[in-house]
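An overview of the molecular structure
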Amino acid sequence: MSNGNLLTDHPELYEERFPDPDRLAARWAEDTLRRHGAGPRILDLGCGTGRDAAWLHHHAGRRVTGIDTAGTMLDHARNRHPGPGYHRADMRDFDLGRTFDAILCLDSALLYCHTNDDLAACLAACRRHLAPGGLLVAEMRNGAFFLGNTELLEGPRSASFAWQGTTHSAHTTLWIDHGAQLLRRRRTWTADDGSPPREQHSAWRLLFPQELRYFLTVAGFEVLGLYDGPGPRTETPWREGDRPHGTTSSDRLHLVARRAHHDRSPLDSRNGNGDPAQ
């Protein structure tokens, strides 16, 4: 059994498995950017195949740059979704030498920051790349959903789809690593073309709403919105004209934060005892 991520290695297969013909994720992002008055310069953090970045670039009049760690995804983006500038970079320490009006982080990309240090480094890099007042817009799984909800952990679950004459099947098991605060996934891919099975291991950090607020505040952001939905991945998907709402208890979490104008975290003014400095 071979290791690897079948969908990352084959971006065209990824787009077949997770179709978005109406570019719902990109249109939701554009609606959010527009409501908060974001300027045209956009960084797509974890841009994947580039389809969202390209839609924003060509249809919303944004000047988009995308970064990702997967070279196969970036090659696909350049060939199939040209227009934005695509760069290979790590979301924890990227340095593009310029600033943006907004940073997008969709499809739980932020949750690949597994440790506190990873998350703090990513948010610091985001702040460095945002102009004063710039926005961070993110969409992700919600750690709070798993407090009392086990429905996503009931498995394994199987799904199949056909692509270019071959039927691919995924057998997925999710479980919580409580000590690391991670949602771990083991997925085994099989195909009816005689190819050997492929086993993939991945994980997402489980962040709780108040915890996320704290990390953002420390990093020098002001949280403008943190809500359940509707969004591009919610059970009832976002539609044009929908307004954000919710109690941050369902399985998706949507974030809008603004880079604070000050250069210091509000917590920098506290002394070692946690009391405001006199």
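Predicted, not measured: the structure shown is a model, and the values here were computed from it. Every chain is numbered independently, its residues counted from 1 as its sequence is written. Confidence filtering applies because this is a predicted model: local features only for residues at pLDDT of at least 70, side-chain atom pairs given and counted only at 80 or more, and all residues used for totals across whole chains, interfaces and linings. For side-chain calculations, the full set of non-hydrogen atoms in the structure is used, while hydrogens and water are omitted.

Attention now goes to the sheet that holds strand β2 (residues 41-45). Only when DSSP finds a minimum of two bridges between them are two strands counted as paired. Segments assigned H or I by DSSP are reported as helices when at least four residues long, segments assigned E as strands when at least two residues long, and all are numbered from the N terminus. Read across the sheet, seven strands follow the order β4-β3-β2-β5-β6-β12-β11 without closing on themselves; strand pairing throughout is mixed. Only two strands of the sheet have a single partner each, and these edge strands are β4 (85-88) and β11 (221-227). Here the average twist between neighbouring strands, direction ignored, is 20°. The pairing of β2 with strand β3 (residues 63-68) spans five bridges and is parallel. Residue Leu43 lies in a different strand from β3, and its bridge partner there is Thr65. Packed on one face of the sheet, helix α5 (residues 71-80) meets β3 and β4 and runs near 165° to β4. The sheet contacts of helix α6 (residues 116-128) involve β2, β5 (100-105), β6 (130-141), β11 and β12 (252-259), and relative to β6 the element is tilted by about 140°. To get an axis, a line is fitted to the C-alpha atoms, and for a helix only the part in contact is used. The angle between two axes follows their N-to-C directions and goes from 0 to 180 degrees. Here a residue-residue contact requires only that any non-hydrogen atoms of the pair lie within 4.5 Å.

Next up on the list: the pairing of β6. Buried, partly exposed and exposed residues are distinguished by accessible area as a fraction of the type maximum, computed with a 1.4 Å probe on protein chains only: under 20%, between the cut-offs, and over 50%, respectively. Within β6, 10 of the 12 residues are buried, leaving the element largely enclosed by the surrounding structure. Orient the strands so they point away from the viewer; a crossover is then right-handed if the path from the first strand over the helix to the second runs clockwise. Considered for its hand, the β-α-β crossover made up of β5, α6 and β6 is right-handed.

When helix α7 (residues 209-218) is considered as a whole, its buried residues turn out to be Pro209, Leu212, Phe215 and Leu216. Axial view of α7: buried residues confined to an arc of 125°, hence all on one face. Buried positions along α7 lie against α6, β6, β10 (198-205), β11 and β12. Here the arc refers to the directions that run from the helix axis out to each C-beta atom.

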